[in-house]
Protein chains: 2
Amino acid sequence: MKEINQEVFDENRTEAECCETFCVHEETVDKVKSHMPDDELLDGIADTFKVFGDKTRIKILYVLHSSELCVCDIAQLLDMNQSAISHQLRVLKQAKLVKSRRDGKSIFYSLDDSHVRTILSMGMEHAMEQEV
Amino acid sequence: MKEINQEVFDENRTEAECCETFCVHEETVDKVKSHMPDDELLDGIADTFKVFGDKTRIKILYVLHSSELCVCDIAQLLDMNQSAISHQLRVLKQAKLVKSRRDGKSIFYSLDDSHVRTILSMGMEHAMEQEV
DNA sequence: TGAACATATGATTATCTGTTCATATGTTTA
DNA sequence: TAAACATATGAACAGATAATCATATGTTCA
């Protein structure tokens, strides 16, 4: 039963296994294909959002929304230990979403991207609509 | 060395372990604390972005940018098998980022959120700036 | 109705990721 | 300079997740 389909498939297709025969809406597919951004760019976009896709990091971005804070401040606000915060700040910094400045023993972090606030707002709008 | 700090800490603090003594910028922290959104909302925001934080899902959203497509179309465009696409479409649908309609044997997917395009654009802008 | 097809889904597995622990680095101050 | 402190970081472990495989569901058409 399954065997037969597989054989038919193997004869007809050399591309990715999607459907057994061509159910593909060829014209539309070709059109879309020609307008696709580079793979690298799409990866970059996913990576950007991956950074926003964590509870702790979202909270950090939020507490930095109004003012710069030192690592210790953030740790206390989120009720988490210093190391965890420090690791996440590193991720955010690598993604260029936050920047830091040293002041004596403390290091103060603040938002470092004009899009951060906009992206957060969009996410919030979507999240709020979900709750209905 | 470490022991001493720990003792001092234990005497002075009952909250989260962040710093050994109070290095906290109290006024700022209190101010931020009073303006924090609910934990639930912040979780929801992270969850929303988590959906955008995957290469395959970003690609799916992109190919759906201009026109609706059936599962088979998407699978061929991304050069992936049908099952993988189907699983990801499910995630996107649960997040209410895509919707589907049946037409005979095929099921056509399309974008289902006014924010999707905006969020993608923001992500793209940020990703493009990173490459510099 | 049964064969063929398009899609969905549960289970499994390999990989990725966030937190913790221990410790290192770099700064201040007595 | 040495102690105290604020932060950073490497290693390890636990939990999350995406792709795959096998199979189920639901539709069409002869």
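Residues numbered from 1 in each chain as written. Chains lettered and ligands numbered in written order. Predicted model: local features only at pLDDT ≥ 70, side-chain atom pairs only at ≥ 80, totals over all residues. Heavy atoms only, no water.

Asker: So what about the side chain of B:Lys59? Which residues, and what values?
Answerer: Relative to the assigned elements, B:Lys59 resides in helix H4 (residues 55–63). Excluding residues within four positions of it along the chain, B:Lys59 makes contact with A:Asp39, A:Leu42 and B:Leu78. (Helix = DSSP H or I, 4+ residues; strand = E, 2+ residues; numbered from the N terminus. Contact = heavy atoms within 4.5 Å.)

Asker: Residue-level account of the protein's contact with DNA strand C, with values.
Answerer: Around DNA strand C, a shell composed of 31 residues is seen, among which A:Thr56, A:Gln88, B:Ser83, B:Ser86 and B:Tyr109 lie nearest. Atoms of DNA strand C within 4 Å of the protein: sugar and phosphate make up 65%, bases the balance. Within the side chain of A:Thr56, a nitrogen or oxygen atom sits 2.6 Å from a phosphate oxygen of DNA strand C. Contact between DNA strand C and A:Asn81: a phosphate oxygen at 3.0 Å from a side-chain N or O atom of the residue. Mapped by element, the contributors of at least two residues to the surface near DNA strand C are helix H4 (55–63) and helix H6 (82–94) of chain A together with helix H5 (71–78), helix H6 (82–94) and strand E3 (106–111) of chain B. The element best represented in the surface near DNA strand C is H6(B), accounting for 5 residues. For the surface near DNA strand C, a count of residues per class yields 9 nonpolar, 13 polar and 9 charged. (Near = heavy atom within 4 Å. Polar contact = N/O pair within 3.5 Å; in protein donor to acceptor, adjacent residues only side chain to side chain. Nonpolar A, V, L, I, M, F, W, Y, C, P; charged D, E, K, R; others polar.)

Asker: Would you mind going over the protein's contact with DNA strand D in detail, with residue names and values included?
Answerer: Within the structure, DNA strand D sits among 31 residues, and A:Ser83, A:Ser86, A:Tyr109, B:Thr56 and B:Ser83 are positioned closest to it. Atoms of DNA strand D within 4 Å of the protein: sugar and phosphate make up 66%, bases the balance. Measuring from a phosphate oxygen of DNA strand D, one finds a backbone N or O atom of A:Val71 at 3.2 Å. For DNA strand D, a phosphate oxygen lies 3.0 Å from a polar atom in the side chain of B:Asn81. Elements supplying a minimum of two residues to the surface near DNA strand D: helix H5 (71–78), H6 and strand E3 (106–111) of chain A together with H4 and H6 of chain B. Counting residues per element, the surface near DNA strand D draws most heavily on H6(A), at 5 residues. For the surface near DNA strand D, the residue count by class is 9 nonpolar, 13 polar and 9 charged.

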